[in-house]
Number of protein chains: 2
Amino acid sequence: MMAGKTLKVAMLGCGVVGSQVARLLIENKADLSTRAGADLELVKVAVRNPSAKNYGVKAELLTSDLNSIVTDPQVDLVIELLGGIEPARELILTALKNGKSVITANKALLAKHGAELYAAADKANVDLYYEAAVAGAIPILRPLRESLVGDEVLKVMGIVNGTTNYILTKMDENGAAFADALAEAQKLGFAEADPSADIEGGDAAAKAAILASLAFHSRVTDADVYKEGISKITATDVKVAKAMDLVIKLLAISDVTKDGAIAVRVHPALISRNHPLASVRESFNAVFVESVSAGQMMFYGRGAGGAPTASAILGDLVAVARHRVSGGLGPRESDYAERKIAKIGDTKTRYLIRLNVADKPGVLESVAHVFASHQVSIQTVRQSGAGDKAELIVMTHISSESALSQTVNDLAKLDSVTDVASVLRVEGEI
Amino acid sequence: MMAGKTLKVAMLGCGVVGSQVARLLIENKADLSTRAGADLELVKVAVRNPSAKNYGVKAELLTSDLNSIVTDPQVDLVIELLGGIEPARELILTALKNGKSVITANKALLAKHGAELYAAADKANVDLYYEAAVAGAIPILRPLRESLVGDEVLKVMGIVNGTTNYILTKMDENGAAFADALAEAQKLGFAEADPSADIEGGDAAAKAAILASLAFHSRVTDADVYKEGISKITATDVKVAKAMDLVIKLLAISDVTKDGAIAVRVHPALISRNHPLASVRESFNAVFVESVSAGQMMFYGRGAGGAPTASAILGDLVAVARHRVSGGLGPRESDYAERKIAKIGDTKTRYLIRLNVADKPGVLESVAHVFASHQVSIQTVRQSGAGDKAELIVMTHISSESALSQTVNDLAKLDSVTDVASVLRVEGEI
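Keep in mind the model is a prediction, meaning the values are calculated, not measured.

Chemist: Teacher, can you tell me more about the overall build of chain A here?
Modeler: On a plain count of helices and strands, chain A comes out with 14 helices and 17 strands. Here the C-alpha radius of gyration of chain A, 24 Å, is about what a compact globule of 430 residues would show, namely 22 Å. Looking at chain A residue by residue over its 430 residues, the buried ones come to 59%. In chain A, the proportion of contacts linking residues at least 24 apart, taken out of those at least 6 apart, comes to 73%. Looking at chain A as shown, the accessible area adds up to about 16600 Å², and 49% of this sits on carbon and sulfur atoms. Of the side-chain charges in chain A, 46 are positive and 51 negative, and the distance between the mean point of each set is 3 Å.

Chemist: Got a minute to help me understand the packing of helix α4 (residues 88-97) of chain B against helix α5 (residues 107-124) of chain B in this structure?
Modeler: All names here are of chain B. For the pair α4 and α5, the least separation of the axes is 9 Å and the interaxial angle reads 15°. It follows that α4 is roughly parallel to α5 by the angle criterion. Note that α4 runs across α5; the crossing there is right-handed. Here Ala88, Arg89, Ile92, Leu93 and Leu96 of α4 lie close against α5, whose contacting residues are Leu109, His113, Glu116, Leu117, Ala120, Ala121 and Ala124. For the contact of α4 with α5, the class distribution of residues is nine nonpolar, one polar and two charged.

Chemist: Looking at this structure, I do not really get the side chain of Asn161 of chain A. What am I missing?
Modeler: For Asn161 of chain A, the position within the fold is in the loop between β7 (153-159) and α7 (162-174). One polar contact links Asn161 of chain A to Asp198 of chain A, side chain to side chain, over a distance of 2.7 Å.

Chemist: Can you walk me through the relation of the copies chain A and chain B in this structure?
Modeler: What relates the two chain copies is a rotation about an axis together with a slide along it. For the pair chain A and chain B, the superposition axis carries a translation of 0.0 Å, the fit reaches an RMSD of 0.0 Å, and the rotation angle comes to 180°. Seen this way, the second copy is the image of the first under a two-fold rotation axis. An overlap of 100% is found between the interface residues of chain A and their copies at the interface of chain B, pointing to a shared contact surface.

Chemist: Sorry if this is basic, but what is going on with the sheet that holds strand β3 (residues 62-63) of chain A here?
Modeler: Pairing between sheet strands relies on hydrogen bonds along the backbone, with the strands arranged either parallel or antiparallel. Residues and elements named next belong to chain A. One open sheet holds the six strands; their spatial order is β3-β2-β1-β4-β5-β6, and the pairing between them is parallel. At either end of the open sheet lies a strand with only one pairing partner, and these are β3 and β6 (128-129). Sheet topology places strand β2 (residues 39-46) next to β3; two bridges connect them, and they run parallel. Note that in β3 the partner of Ala46 across the bridge is Thr63.

Chemist: Is there a simple way to explain the sheet that holds strand β4 (residues 77-80) of chain B in this structure?
Modeler: Within the open sheet, the six strands sit side by side as β3-β2-β1-β4-β5-β6 (chain B). Their pairing is parallel. The open sheet has two edge strands, β3 (62-63) and β6 (128-129) of chain B, and neither has a second partner.

Chemist: For this particular structure, what's the right way to read the pairing of strand β15 (residues 389-396) of chain B?
Modeler: Side chains on a regular strand alternate between the two faces of the sheet. Residues and elements named next belong to chain B. Among the eight residues in β15, seven count as buried, and that is most of the element. Sheet topology note: the strand β13 (residues 348-358)/β15 ladder contains seven bridges and is antiparallel. Bridging across to β15, Ile353 finds its partner in Val394. Pairing between strand β14 (residues 378-384) and β15: six bridges, direction antiparallel. Counterpart to Val381 in the pairing with β15 is Val394.

Chemist: Explanation requested: the nonpolar core in the structure shown.
Modeler: Inside soluble globular proteins, nonpolar side chains tend to come together where they are buried. Ranked by internal contacts, the top residues of the largest apolar core, which has 172 residues, are Ile140 of chain A together with Ile140 of chain B. Aside from chain neighbours lying at most four places away, what touches Ile140 of chain A is Glu131, Val134, Ala135, Leu211, Val287, Val289 and Phe299 of chain A.

Chemist: Is there a simple way to think about helix α13 (residues 363-373) of chain B in this case?
Modeler: Quick reminder: α-helices carry 3.6 residues per turn. Residues three or four places apart thus point the same way. Residues and elements named next belong to chain B. Within the span of α13, buried status applies to Val363, Val367, Val370 and Phe371. Along the long axis of α13, the arc covered by the buried residues comes to 100°, so they all point the same way. Within α13, the exposed residues directed more than 90 degrees away from the buried face are Glu365 and His369. On its buried face, α13 is in contact with β13, β14, β15, α14 (401-413) and β17 (417-426). Positive phi shows up at Gln375, right after α13, with a value of about 60°.

Chemist: Would you mind going over unusual backbone geometry with me for this structure?
Modeler: In most cases, non-glycine residues show a negative phi, while peptide bonds are predominantly trans. A cis amide bond, omega 5°, links Glu86 of chain A with the succeeding residue Pro87 of chain A. Counting through the fold element by element, Pro87 of chain A comes out in the loop between β4 (77-80) and α4 (88-97). One non-glycine residue, Gln375 of chain A, lies in the positive phi region at around 55°. Along the polypeptide, Gln375 of chain A turns up in the loop between α13 (363-373) and β14 (378-386). Residue Asn125 of chain B is not a glycine yet carries a positive backbone phi of 60°. Topologically, Asn125 of chain B is positioned in the loop between α5 and β6. Looking at Asn125 of chain B, the relative accessible area reads 53%, which means it is exposed.

Chemist: Just to check I follow, could you spell out the pattern of salt bridges for this structure?
Modeler: Side chains that differ in charge, positive against negative, can pair when their charged atoms come close. Tallied over the full model, the rule gives 58 salt bridges over all chains. Note that Glu427 of chain A is salt-bridged to Lys155 of chain A, the shortest N-O span being 2.6 Å. With a gap of 272 residues between them, Glu427 of chain A in the segment after β17 (417-426) and Lys155 of chain A in strand β7 connect regions that are remote in the sequence. What makes Glu427 of chain A buried here is its relative accessible area of 3%. Here Lys155 of chain A falls in the buried class, since its relative accessible area comes to 18%. Residues Glu391 of chain B and Arg354 of chain B are paired through a salt bridge, measuring 2.8 Å at the closest nitrogen-oxygen approach. Of this pair, Glu391 of chain B sits in strand β15 while Arg354 of chain B sits in strand β13, and the two are 37 residues apart along the sequence. Arg354 of chain B shares its class with Glu391 of chain B; the two are buried. Several salt bridges share partner residues, and in doing so they unite Arg142, Arg145, Glu146, Asp316 and Glu333 of chain A together with Arg142, Arg145, Glu146, Asp316 and Glu333 of chain B into one network.

Chemist: Help me out: how do you make sense of helix α1 (residues 16-27) of chain A in this one?
Modeler: All names here are of chain A. In a regular helix each residue adds 1.5 Å, so twelve residues correspond to 16 Å; α1 covers 17 Å between its end C-alpha atoms and thus fits that length. Those residues of α1 that sit buried are Val17, Gly18, Val21, Ala22, Leu24 and Leu25. Turning to α1, the residues buried within the fold contact β1 (6-12), α2 (29-36), β2, β4 and α12 (306-326).

Chemist: When you look at the domain arrangement of chain A in this model, what are you seeing that I'm missing?
Modeler: All names here are of chain A. According to the domain assignment, chain A consists of domain 1 (6-136 + 306-326), domain 2 (141-302) and domain 3 (344-426). Each of domain 2 and domain 3 has a C-alpha centre, and these two points are 25 Å apart. Contacts between the two partners involve 16 residues from domain 2, matched on the other side by twelve residues from domain 3. Taken together, both faces of the contact between domain 2 and domain 3 bury some 1300 Å²; the carbon and sulfur share is 68%. Here domain 2 and domain 3 share two salt bridges between them. Between Asp237 and Arg354 there is a salt bridge, with the nearest N and O atoms lying 2.6 Å from each other. Linking domain 2 with domain 3 are four residue pairs in polar contact (both at pLDDT 80 or more), by the criterion used here.

Chemist: Which parts of the structure should I look at to understand the packing of aromatic side chains?
Modeler: Geometry of an aromatic ring pair is reported as the spacing of the ring centres plus the angle between the planes. Scanning all chains against the criterion turns up seven aromatic pairs over all chains. Note on Tyr118 of chain A and Tyr130 of chain A: the rings are 5.7 Å apart at their centroids and 25° apart in plane angle, and the pair reads as stacked. Linking Tyr118 of chain A in helix α5 (residues 107-124) with Tyr130 of chain A in the loop between β6 and α6 (141-147), this pair joins segments that are twelve residues apart in sequence. Across this residue pair, the class does not change: Tyr118 of chain A and Tyr130 of chain A are buried. Measuring from centroid to centroid gives 6.1 Å for Phe299 of chain A and Phe299 of chain B, while their planes differ by 85°, and the two rings are edge-to-face. Highlighted residues: Phe299 of chain A in strand β12 (residues 295-302) and Phe299 of chain B in strand β12 (residues 295-302), drawn from two different chains. What makes Phe299 of chain A buried here is its relative accessible area of 1%. Here Arg145 of chain A stacks its cationic end above the ring of Tyr129 of chain A, 4.9 Å away from the centre of that ring.

The rules behind each value
- Residues numbered from 1 in each chain as written.
- Chains lettered and ligands numbered in written order.
- Predicted model: local features only at pLDDT ≥ 70, side-chain atom pairs only at ≥ 80, totals over all residues.
- Heavy atoms only, no water.
- Helix = DSSP H or I, 4+ residues; strand = E, 2+ residues; numbered from the N terminus.
- Rg over C-alpha atoms; globule rule 2.2 N^0.38 Å.
- Buried < 20%, exposed > 50% of the residue type's maximum accessible area, 1.4 Å probe, protein only.
- Contact = heavy atoms within 4.5 Å.
- Areas by Shrake-Rupley, 256 points an atom, 1.4 Å probe, with all protein chains shown as cover.
- Lys, Arg positive; Asp, Glu negative; His and termini not counted.
- Charge placed at Lys NZ, Arg CZ, Asp CG, Glu CD.
- Axes fitted to C-alpha atoms, helices over the stretch in contact; angles between N-to-C directions.
- Parallel < 35°, antiparallel > 145°, perpendicular 65-115°, else oblique.
- Left-handed = near helix turned anticlockwise from the far one by under 90°.
- Nonpolar A, V, L, I, M, F, W, Y, C, P; charged D, E, K, R; others polar.
- Polar contact = N/O pair within 3.5 Å; in protein donor to acceptor, adjacent residues only side chain to side chain.
- Least-squares fit on C-alpha atoms with pLDDT ≥ 70 in both.
- Pairing = 2+ DSSP bridges.
- Core = buried A, V, L, I, M, F, W, Y, C linked by side-chain atoms within 4.5 Å.
- Arc of directions from axis to C-beta.
- Salt bridge = Lys/Arg side-chain N within 4 Å of Asp/Glu carboxyl O.
- Expected span 1.5 Å × (residues − 1).
- Domains from an automatic or database assignment.
- Buried area = accessible area lost by both parts, 1.4 Å probe.
- Phe/Tyr/Trp six-rings, centres within 6.5 Å; stacked < 30°, edge-to-face > 60°.
- Lys NZ or Arg CZ within 6 Å of the ring centre and 35° of its normal.

Here you go:
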């Protein structure tokens, strides 16, 4: 333990994650301080109502004055765990301006106001670290920003929302309907009472923006991310996928179009059961990365939870503390590549389309004609059913989103098509 | 691009990996320089015989004078890709002493002389980076050293040798015998003409030492690693494993005994087909990490090859260059925990033991007696076969290596046991 230097740490917020951070910071003080090269001392924890419950820290550390944390001259390092946009944004900006290094897990804030925050950290010559903001305990931001900095990333494809992965796992393994799987997830604490941010893809979209920014050295915000959630996935979709040796996952994807723009989107997609992401079960997260030289990589682990998220925050804390001891700074965000954002219509992928059709001669011909008229080429067609009802399952070759959506519109207008039962994207080799 | 500062890069060696490093350094100079914050210029490449072949770099950069690289005052950064102990050790020490930062992929050297090299880098106040030394392109050393620095690692378990994983994959998927799978691997370039460093576990042991050092903040050398290779694994072992829904992998494992010592070993082990490592096929590598707060993680990707290894080296190069630009240094190795190395006999695990026995009454009783006499408790026994030959497959509960080896010795002496056909360790939940 270094007797020489002390760094004072203060926290904004002390909920599920914060209470674990505080506990570990106190319990493992000796190890963390030795690794940081300075005595790490927790001096203040700001919560809205200090007397509301037992936060697991000494009462005298608690304060309801959030602003006092970011203006106190004795505080060196601030951990922001309030979540949401305000007052987190204002508080972090003030902390940075006052020369404090900041660690945050606030993905929504970073995805929306990242540029402003990174610029403020730059200007103040302090660190702003946020490994915990994406995929919880999994080291993925540091590898993207530092380990792969000598390579050219081609694609990032992640399961970055544990709630939806839990629901999709139950639908896949038990044949559950979406609503039942959601209810189970809520009962077990894997989904919130209002699950919309998770199931409609908003949470994953914020993470997708952060991942894409780092991977492609460009500024990507949550508004740049096209998103579709999983609430329309049916037990039949899952069953059909299973019969084809595929599995449905909610993926946060970014890659570069042939024009050099970044296509970034969150949506359910079919992947092969042999894909490394296919075996990521329940609330686990994983991020699959493909780069020119390194090839395919995957980073797997716990994407949420108090202790796992605290692990990422404390890793950042030690890193940031080391920089303050040595006088240096960690590598900064970089957006020098200034890539544009592709329109979702220009994104290219394959699709699996299920159509309910009349079982009479000529149906396949008219369906095939619609595909051909939009230059969407068909890889396979399977027809099943009997009587006057039948189902066509069409797998396309790679096509643009815009050509596909026009195709689907026209298919719906065909007399012989009673219903476009589902349209799902397909990712990876199958 | 920064016109301000130029950093001069020189390479020792230009083989499979080196030629990719040189190519990428030249082709991607603009991007790499922008990311580093300084113009990265390749100024010298030392090879034993500059006229032997086309190294893909301008002839005027080539020299046969290895020493000139590490003493040239204009060189800022040295990439060592000679491999082996000498002259690599001497050259790196001289480079460090002369104030050059060094990037190396030399696992054998680091596992043997790491302490000396890290101390020399410390003394000279320069960086010594080596992400490429373990698991090629997979970012694993930086995550262990930096991302998980706020956590307590419990176990590291890696598939870190592509040759043996390729052989074991073929044995598992095609039922091939070891010799045939090895011959195929050699034909396809996945195994060398003399494969002993791979198949006997030497390569994996060096990597295990490096991983254990970082994970447990202690000094671990290759001599501390217990090792067994895969040359004794038979097609029958693989078949029996398969029938039990298990798969055999060569694992580099380190964990902490209840006395706080590090147990570090390389050996084949049975794992469940549901374990994340089970689906790591062919020459891919993966490292599974378990820590107190983060829980289970896995890092997956290409463990070898020119371009993948070059990706890791260039990531280090940019990181080290940034430090030279900003005046700082990266986080150093730390061995403050000074954990002892456990004796292999004290390592605890489960075992699967196959015995050929006489098929007569009382055999199971005498076998069970031997286990009991060494306090090795049996989880399951399966008996198969007919006539006067039968096979017993015994799965033990967790036991120490020493108790197990005494048990095996005594079993071999039993009249009713014709042969101890195999003894394999079992890792993870099954």
